[in-house]
Structure formats: structure tokens, C-alpha cells
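# Examining the three-dimensional arrangement
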Amino acid sequence: MREGAYFFAHERQRIGEMKTLATPLGLAGPGSRSTTERSGAQFFDRRVAGVALSVALAYYLGAKIGFALTFQPHPVSVLWPPNSILLAALLLTPVRVWWVILLAAFPAHLAVQLQSNVPPMMILCWFISNACEALIGAGCVRYLIDRPVRFDRLRNVGIFCFFAAFLAPLLSSFLDSAFVAINRFGQDSYWQVWRIRFTSNILASLTLVPFIVTWSGDGIAWLGKIRRARILEAGLLLIGLLSINTIVFYKLAPTADSALLYLPLPFLIWAAVRFGSRGASAAICALTLLAIWSAGHGYGPFSTRSAEENALSIQMFLIVMSVPLLLLAGVIEERSKGETTLREREERISLAAESANLAFWSINFERRESWMSDKGRAIFNFGPDEHLSRELFLSRVHPEDRNAVGEAIERARASSQTFEFEYRLLRPDGGTRWLISRGRYLSNDRGGIRELIGVAIDITAQVEADLQLRLQREEMARMSRVSSMGELTASLAHELNQPLTAIASNAAAGRRLLAEGTPDLEMFEELLADVSSDARRAGDIIHGIHHFVRKSEGRRCPVNLNEIVQEVLRLLHSDLLGRATAVETQLAPNLPAVDANPVQLQQVLLNLLTNSLEAMQSTPIGRRRIVISTKCDDTSSVLVSVCDSGGGLPKEDLDKVFTHFYSTKPNGMGMGLTIVRSIVEAHGGKLNAENSDEGARFFFRLPVKPKSETPEVT
Amino acid sequence: MVDDDESVRRALGRLLKSAGYAAETFASAEDYLAREIFEGPICLVLDVRMPGLKGPALQEALEEHGACEQIVFITGHGDVPTATRAMKKGAVDFLTKPFDDEELIEAVKRALERSKEQLRKRRERREARRRIEKLTPREFEVLSFVVMGLLNKQIAAELHTAEKTIKVHRGRVMRKLGATSVPDLVHFSQRAGVSPARKPA
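Here is what the cut-offs are and how they apply
- Residues numbered from 1 in each chain as written.
- Chains lettered and ligands numbered in written order.
- Predicted model: local features only at pLDDT ≥ 70, side-chain atom pairs only at ≥ 80, totals over all residues.
- Heavy atoms only, no water.
- Helix = DSSP H or I, 4+ residues; strand = E, 2+ residues; numbered from the N terminus.
- Buried < 20%, exposed > 50% of the residue type's maximum accessible area, 1.4 Å probe, protein only.
- Areas by Shrake-Rupley, 256 points an atom, 1.4 Å probe, with all protein chains shown as cover.
- Pairing = 2+ DSSP bridges.
- Axes fitted to C-alpha atoms, helices over the stretch in contact; angles between N-to-C directions.
- Contact = heavy atoms within 4.5 Å.
- Expected span 1.5 Å × (residues − 1).
- Bend = angle between axes of the 7 residues up to and from the residue.
- Buried area = accessible area lost by both parts, 1.4 Å probe.
- Salt bridge = Lys/Arg side-chain N within 4 Å of Asp/Glu carboxyl O.
- Polar contact = N/O pair within 3.5 Å; in protein donor to acceptor, adjacent residues only side chain to side chain.
- Nonpolar A, V, L, I, M, F, W, Y, C, P; charged D, E, K, R; others polar.
- Left-handed = near helix turned anticlockwise from the far one by under 90°.
- 1 Å grid on protein atoms, 1.4 Å probe; cavity = no way out; pocket = protein on both sides within 12 Å on 5 of 7 lines; lining within 4 Å.
- Points joined across faces, edges and corners; volume = space filled by probe spheres on them.
- Patch = residues over 30% accessible without salt bridge, like charges linked within 9 Å, V, L, I, M, F, W, Y side chains within 5 Å.
- Phe/Tyr/Trp six-rings, centres within 6.5 Å; stacked < 30°, edge-to-face > 60°.
- Lys NZ or Arg CZ within 6 Å of the ring centre and 35° of its normal.

Looking only at helices and strands, chain A has 20 helices and 14 strands in total. Looking at chain A as a whole, 44% of its 714 residues are labelled buried. By element, 59% of the accessible surface of chain A is carried by carbon and sulfur atoms, the whole surface being about 37,600 Å².

Below, the structure written as C-alpha cells:
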């Protein structure tokens, strides 16, 4: 050992020299400026030195233990730890420092072997074969498993068992036996040497490597983290395992029933199930050491036959016990890790669901299970343990949407496909929420339906914003209709006021001149000519309304008057509410289309309705009522009527309503109905007024668009 | 009267003539501004909406020049904000077409009276200024102090001179301005726009 330490110190010096050489090649060396390179240098200086020192130490001690566990009188090593220690060291360290590990192990090897009078050549050969075994095992495992090597997955344990614990001893043992044969060391045949080395190395790899790998590193830290109850459990397990091992392998007579050998098994399984790979490897290690020590000292069931036979059978027993336990521990850890991952994912999903107003849900038909995220249960107002079903779901859907949603689900189920639908939820407080549901039927191996999964999104805010936007747009449309009407009347008023002022002033001037009694006849003639030309001018302006209407006509298209009625009622919605007026519509179904300008027809109806509303200003609030009806009483025209309860028109004025400047309103210009009539007449229709029981009724007919006409012709 | 509509112009001209006024018509505000100056009371019957310079704009332009025209607005469609603004700026009336002839003639009558009154005031003011300009600077100083209500003794102290001298100045001022008493003098100064105890610029 002292020799080894000396050699190691010497070695360090050499490493230092090599580093200096390596620097120009881009490898880590002292004096490098970047932090990574400096840490690399430190790694070489401290950690690698520490690891190398402990490997050398462990190798030496391992060899001593190996010698201690030989079966006398013929020295057969049942368990040879140094190779496993080397393998474990390679598995735990980066590949670039492997050569340091191997170099560190060599003096330890030398120190051990020199004590047992082995020729130097043989010592060297053994080191080579041992190093080969460790390199093969660690190389394969490292290649197949991403760092760090852990025994927490079935795949990892399988790879380790096959490549490191089986293949590496198998291959290196050929080399080892060949070296023994070439050096003519000992009396055993080639195959005897091969078999002894093979089995002892398998056992060592299986028992020691997992123990070292799982407990070095964070193993100790893990002990500090576990709860007190677990420590108590571990203590109980340890006591139980040690005592049962002692009973089976030490106290039991060699002739006892061999079935009793399996007594430690429950404890081993306990260790694997409850403590994973760490527990299993520790338990296997304890079992192995105790069993071999007892057999080596002539106790227990493996002490009855010759040393070789005893060794082989104890090796076989321990190998057969270890492999399944390691695999079991791997499976257990993999599953618990999978559960943790799943739980974390579920938590993440539910967080996402909460923040995005999402409801995740699933219904498993085979297991009769259902699940829904907490947020979802809140949205749908389901109890925390309520089982999900279509009936329960439909009971929350707004009655008006229930049929459609039910059909959509049925369709999706029939075709086993993805579905999506929008619907309303009726909340217990009477409020409604808008939702979109997306779902998918998952089928099982037999083509039946296994599961239904889905997500529901609360889109109420979005829908309400859309609605708000639509209302605003409608209000704007209404304003523009009303203001274009207002502009029309204002401009007409201005136009008409000029000739009227002139006529009135001329008349007044004439009267004054006559009163003065000095009528200038020439002047009178001029005056009267002016009056008649101004009167003509006023008439022309009135006729110009037709022209005006036609000018703002735009394109005509087939129009459904029922739709126009609905639109105008929407535009006037707030006015109707504000004036507490009830509106009844009697719209004929299947109304034929008329060829018209929809905007102008809207103006007509707006005007008639506004007239009705104004006529009912003095009507008591409960009796304000407008009836709008559409009718198709013959095939050639459509009749629209607006009926109010505003008391009606004065009887003598019925025929004057549509003449210009007729107004029953104190500030009315008397132009609205004139324009309405102009529009109706421009569309080839006729506007009429009559008195009904309670008020006035305005109605107009528009010709139906002939079916044979194509839109291009019109 | 100013209106862009010819028949309105003719009819209103006729109406005003029949009421005994000398009516002159213009087709635009620009035409009116380009007319020969008439030294006498003027009522301007003005249309609000016209191509080019609008009625209210002409009103502002005339006010800037300190003209004596009094305005009666006429408009095809009277909107309250325009009417309010016009009245605030001193219009006599704001009539919406078509209006009653009596209404217009009444407004014109009021406007001419107001215009006459304004002309009279202006003439007086001009006369007062003309006379004040004849005063020497010393006499003007004395006038300012007299208008302030100071006694001869006080004025003498103020101007570091003898009371007798002030008496003489005061007598000259009275004579030059044609005033017979102190209140007369104060009234005269106010008409001329002379503020007490301040020298003219």
C-alpha cells in the first residue's frame, strides 16, 4: 500500500507533465484562462486524484477481501471484488479519466500480488485481463446508457446484467485463462481456470457494482433526506435480514432442508420494493458476504462438498437470487418515477387549465371511471366526486342548445371521431356561459370505444365582446341611416326656404305698395312674375326629391322584406325600449323577394316607425303598441304595413298626409313621408295611409321580383 | 342686404323699399366690403350661408374695423349655436326664412336706430378729441387732475407751481373745450376717452 501511494505520488507528477504537453492540443491544462478549463484543471488536480487514491485503496482492500473469502483447503476465490471495484469506478467517472483510474489501480494490484509470490509476468497479465474486463463492461454500459448510470430502470439493469456482469467476465476470462496457460502458472486446466474466474467475476459484478454505484454519489445524501419512519423501517429490515441470514447460513445444519435457503427472499423483496435499487443492492451485498463467509468457515448448507463444488453452488445460488432482485428494483423505481412524472404533468395541466379557463375531462367506459379537472368541475358546477356522464353533462347545457349538442355527441360516437361544438351553459344562478367543447373517442384493440377525452373552453368573455361589437356596429348603421335621412330633409328645407322667402317677401311688398296707394304697375308686373317663378322653383325642388332618391339608390338586389323588418327593429331597439313601446311582428313565412335597395327600404321602415313612435308620445305607456306585418296576398306584390296606437290622423287630413309640408308635429318639416313615398314609388310601389281602431296604419306594396329575370338583366 | 340668392335679394329689396327704406343689395359679402363708404346709419340684412365669405365672418370683419353697421341675420335653417354666437357679437336679430315681413321691418327699424345712435356717439367723440388735441401738454395735465377730482391747491402742489397759475390753465381748458362746469368737463373727457391723470400717448 505504501508502495502504491508512492507510485501514485510519482504518477501525479507525471500527469502534471503530460498536461503541460497537452495544452497546445486544446486539452485542459494549468494556466488556462476560461473557467471551464480552469475547473477541468482543478478536476485533474483534486477530484481525480481523490478518486484515483480511493480506487487504489479499494482495489487493494477488495483483493484482501477476495483472499479472505476463499474456501480452504484448496484456495478458490468465490468472490473476487477488485475487478468489480475497477468496473464501478469506470462507471462513475468520465471516460477521459479512465486511464488515470487504471494507472492508479495498477500499483494496488502490484502490491497485492507481490505478497502472494506470483511471478511478475503473471501479475502484469492478470492486470491486463482485469482491466479488459472492466473496460468491456463499462464501455458497453456507457455506450448504451446515458450518464449517469443508475439502476432505476428495467432497461438499465438489463444492460448492466448482460454486458457488465455476463459478457465482460465471459470474454475476459478467455484472455485470463490464456495468460495462465502461457505462463504455466498453477496446475489447473484452461477450462477450469476459465470457469472459476467467470463465475466469481459474475457474482462480484452483480453484488458489488450496483451497491457501489447506487450508494456512492448521492446515496449518503439520500439517507439524510428520508423520513424517520423510513429509517425505522430500514433498521427493521436490516435486523431481520441479518438475523435470517445468520440463521440460514450459519446456524442451520448443513443437512437441513434446502428449501430453507429461500427464507431471506421475503426480506430481499421487501428491500427491493420499499427501498429500490439502493435497498436491493445493499441487501444482496449483505447476503452474499455472509453466505460466502459462513460457507468458507464451514457453516451452513454450502459446506458439505469439495471446495470447488461448494464455491460453484453458492455462486449459482447468489447469482440466481441477485438478478431478479435487481430487475425488480429497477421496475419498482421506474414505476414510481413514472407516477411522479405523471403527477407533475397532471399538476401542470391543471395549472394551465385554471389559468386558461379550460376544463379537461375523460370518461373511461371500460373501467367505468371519469375524471375532470377542478376548474372544469367549477365551470360545469359538478360535485367533486360526481361521475361524469352524457346525461349529467346535458343537464347543464342550456335547454335551447341541448338537442343540438346531444346530436353532435351522437354523431361523433357513431363515427368514433373528433367533435367540436359551441354551446351555452345554464348556471344555477340563471346566468349563461359560452363554451366550446372539443373531444375525441378513443377505441380499444377490438375496435370498440374505450375512452372519451375532451376539453371545454369558457369563451364567454370573447362571445360577449363580439356581441358588444355587433351592437356597436348596428348602432352606427342606424345612426348613418337616420343621419342620411336627416341630411336629406335639411338640405331640402334649405333649398325650399329660398323661394318661399322670396314669395312671402314679394307678397308683403306688394301689399304695402297697394296700401300706400301709389302702385307702380311695371314694378307690380315684375313682382308677380318673380312670385310665379319662385313657386315653380319650389315645385321643381319637390320633384327633385325623386331625383335625389334615385341618385342615392345604389345597386338593387333581391331583398327579403322580413329581414329588413328584423334589421330595422334591431336598429330601433333602444328607441323602442326607451319609449316603452311594444312591437308585434306578423311576418308571413316564405315571403317572395322584391328587387330593391335594402338601405332605402330600411329608411322607409325607419321613417314609418319613427313617425309611429312620435305619434304615440301622448299615448299612455301601457297602450303604446306597433304592429308590423308582411303579407303576400297575391303573387305579384308584397304588402308591408306599420300600425300604431297613436290615435290616428285627423280624418280630413288623410289624403293630405303625403303632400309636402304636411305635419302634425309642432316642429316637423313635413318632408319625411314625402321622401318615403318617393322611395316606394321609385321601387314601383305605392304608399297609403288609413286610420285603424286605435291609430294610424301606413302600408305599402312592392312588386315581387319575377323569377325568370336574371340578376344581370335587373 | 346681402344674399346669394337673386330672387330672395330682389324680393327683400322690394319689400324694404316698400317700407320706405333706401335698400341696396349685394350678391356676396366681398361685394359689400367693396362698396363706396356711406356716411350714415346702416342696417345690414345678412344671409348666414353663402358661397365665399359667410355672414358671421363678415360680421367679425366689420367689427374689427369698428364699423357702425347693425346686422339682422337671415338664414334658411336656423341652428341655435350659430344664432347664439351672432347675437352675442351684437347682431340685432336672427330671423329664420321664411319670416314675416313685419318681423323683418321691425328688426331693420331697430337696427337703424341703433346705428344712428352709434354714429352720434362717434361724432361726439371725434369732436371731443379734436378739441382736446388743441390743449397744450400743461393744460392736458391740469385737465387730467381736475377730472380726478383734485382741487386747484392740490394740483398746484402736484405740479410744483402756484395755485394762481393753475387757475389760469383751468380757465383756458374750460374755454377751449367749451365747458361751463366741472361735471361738464368730466363728461367731455369720458366721451373723448381720456382717462384721469394720464397723458395721451
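Turning to the sheet that holds strand S7 (residues 449-458) of chain A, a few remarks are in order. Residue and element names in this part refer to chain A. Pairing is antiparallel across the open sheet formed by 5 strands, whose spatial order is S4-S3-S7-S6-S5. In this open sheet, the two strands that pair with only one neighbour each are strand S4 (369-372) and strand S5 (418-426). Taking the axes of each pair of neighbouring strands and ignoring which way they run, one obtains an average angle of 20° across the sheet. The strands touched by helix H14 (residues 399-415) are S5, strand S6 (432-443) and S7; relative to S5, the strand with the most contacts, the crossing angle is about 160°.

Take helix H10 (residues 265-296) of chain A next. Residue and element names in this part refer to chain A. Spanning 32 residues, H10 covers only 22 Å between terminal C-alpha atoms, well under the ideal 46 Å at 1.5 Å per step. The axis of H10 is deflected most strongly, by about 150°, at Phe-275. Remark: Gly-298 follows H10 within two positions and exhibits a positive phi of approximately 85°.

All names here are of chain A. Bridge count for strand S9 (residues 582-587) against strand S11 (residues 625-634) is 6 bridges, and the pairing is parallel. Counted as the bridge partner of Val-583 is Ile-626 from S11. Counting the residues in the hairpin turn of S11 and strand S12 (residues 637-644) gives 2 residues.

What follows deals with the sheet that holds S11(A). Backbone hydrogen bonds hold the strands of a sheet together, and the pairing may be parallel or antiparallel. Residues and elements named next belong to chain A. Taken together, 5 strands build an open sheet; the order of strands is S9-S11-S12-S14-S13 and the sheet is mixed. Two strands in the sheet have a free side with no partner beyond their single neighbour: S9 and strand S13 (686-691). Strand-to-strand, the axes of this sheet are offset by a mean angle of 15°, without reference to chain direction. Sheet analysis places S12 next to strand S14 (residues 696-703), joined by 7 bridges and oriented antiparallel. If you follow Leu-639 over to S14, its bridge partner there is Arg-701.

Interface size is often expressed as the accessible area that is lost when the parts come together. The interface of chain A with chain B comprises 20 residues on the first partner and 21 residues on the second. Taken over both partners, the interface formed by chain A and chain B buries close to 1,800 Å², and the fraction arising from carbon and sulfur atoms is 50%. Taken as a group, A:His494, A:Gln498 and A:Arg512 account for 31% of the area that chain A buries against chain B, more than any other trio of residues on that side. Counting the contacts that link chain A with chain B gives 7 salt bridges. One can count 9 residue pairs in polar contact (both at pLDDT 80 or more) joining chain A with chain B. Mapped onto the side of chain A that touches chain B, the elements with two or more residues apiece are helix H15 (460-516) and helix H16 (521-551) of chain A. Counting residues per element, the side of chain A that touches chain B draws most heavily on H15(A), at 14 residues. For the side of chain A that touches chain B, the per-class residue count stands at 7 nonpolar, 6 polar and 7 charged.

Let us look at the packing of helix H4 (residues 98-115) of chain A against helix H5 (residues 120-144) of chain A. All names here are of chain A. Packing of H4 against H5 leaves a shortest axis separation of 10 Å and a crossing angle of 145°. In the crossing of H4 with H5, the sense of the turn from one axis to the other is right-handed. Between H4 and H5, the contacting residues are Trp-98, Leu-102, Ala-105, Phe-106, His-109, Leu-110, Gln-113 and Leu-114 on the first element and Ile-123, Leu-124, Trp-126, Phe-127, Asn-130, Ala-131, Leu-135, Ala-138, Gly-139 and Arg-142 on the second.

Now for empty space enclosed by the protein. Taken as a whole and judged by the stated rule, the model has 4 cavities of 30 Å³ or more. Considering only enclosed or pocket space, the largest cavity measures out at about 40 Å³ in volume. Looking at the lining of the largest cavity, its residues break down into 8 nonpolar, 2 polar and 1 charged.

All names here are of chain A. Nonpolar side chains collect at one region of the surface, where Met-121, Leu-124, Ile-128 and Leu-175 lie side by side and expose about 320 Å² of accessible area between them. Looking at which element gives the most residues to the nonpolar patch, the answer is H5, with 3 residues. Topologically, Met-121 is positioned in helix H5.

What follows covers the packing of aromatic side chains. Residues and elements named next belong to chain A. According to the stated counting rule, one finds 28 aromatic pairs over all chains in the structure shown. Grouping aromatic residues by their ring pairs yields a cluster made of Phe-162, Phe-163, Phe-166, Phe-174, Tyr-190, Trp-191, Trp-194 and Phe-198. Its end group placed over the ring of Phe-699, Arg-697 keeps NZ or CZ at 4.5 Å from the ring centre.

This part takes up the side chain of A:Thr199. Residues and elements named next belong to chain A. Secondary-structure assignment places Thr-199 in helix H7 (residues 190-215). A distance of 2.9 Å separates a polar atom in the side chain of Thr-199 from the backbone oxygen of Arg-195. If we skip the residues at most four places from it in the chain, Thr-199 touches Leu-312, Gln-315 and Ile-319.

Next up on the list: the pattern of salt bridges. It is possible for side chains of opposite charge to pair when their charged atoms get near one another. Residues and elements named next belong to chain A. Counting across every chain of the model gives 40 salt bridges over all chains. Its salt-bridge partner being Arg-446, residue Glu-366 comes within 3.6 Å of it at the nearest N-O pair. Of this pair, Glu-366 sits in the loop between strand S3 (358-364) and S4 while Arg-446 sits in the loop between S6 and S7, placing them 80 residues apart in sequence. On the basis of relative accessibility, which here comes to 69%, the residue Arg-446 falls in the exposed class.

This paragraph deals with the environment of A:Pro81. Residues and elements named next belong to chain A. When you line up the elements, Pro-81 lands in helix H3 (residues 81-92). The sequence separation of Pro-81 and Ala-204 amounts to 123 residues, and the corresponding C-alpha distance is 5.6 Å. Filtering out sequence-adjacent residues up to four positions away, Pro-81 remains in contact with Gly-62, Ile-65, Gly-66, Ala-204 and Leu-208.

The omega angle of the peptide bond from B:Lys97 to B:Pro98 is -10°, so this bond is cis rather than trans. Note that B:Pro98 resides in the loop between strand S3 (93-96) and helix H5 (101-133). Of note, the phi angle at A:Arg368 is positive, near 50°, even though the residue is not glycine. The phi angle at A:Asn590 is positive, at roughly 55°, despite the residue not being glycine. With respect to the helices and strands, A:Asn590 occurs in the loop between S9 and strand S10 (594-596).

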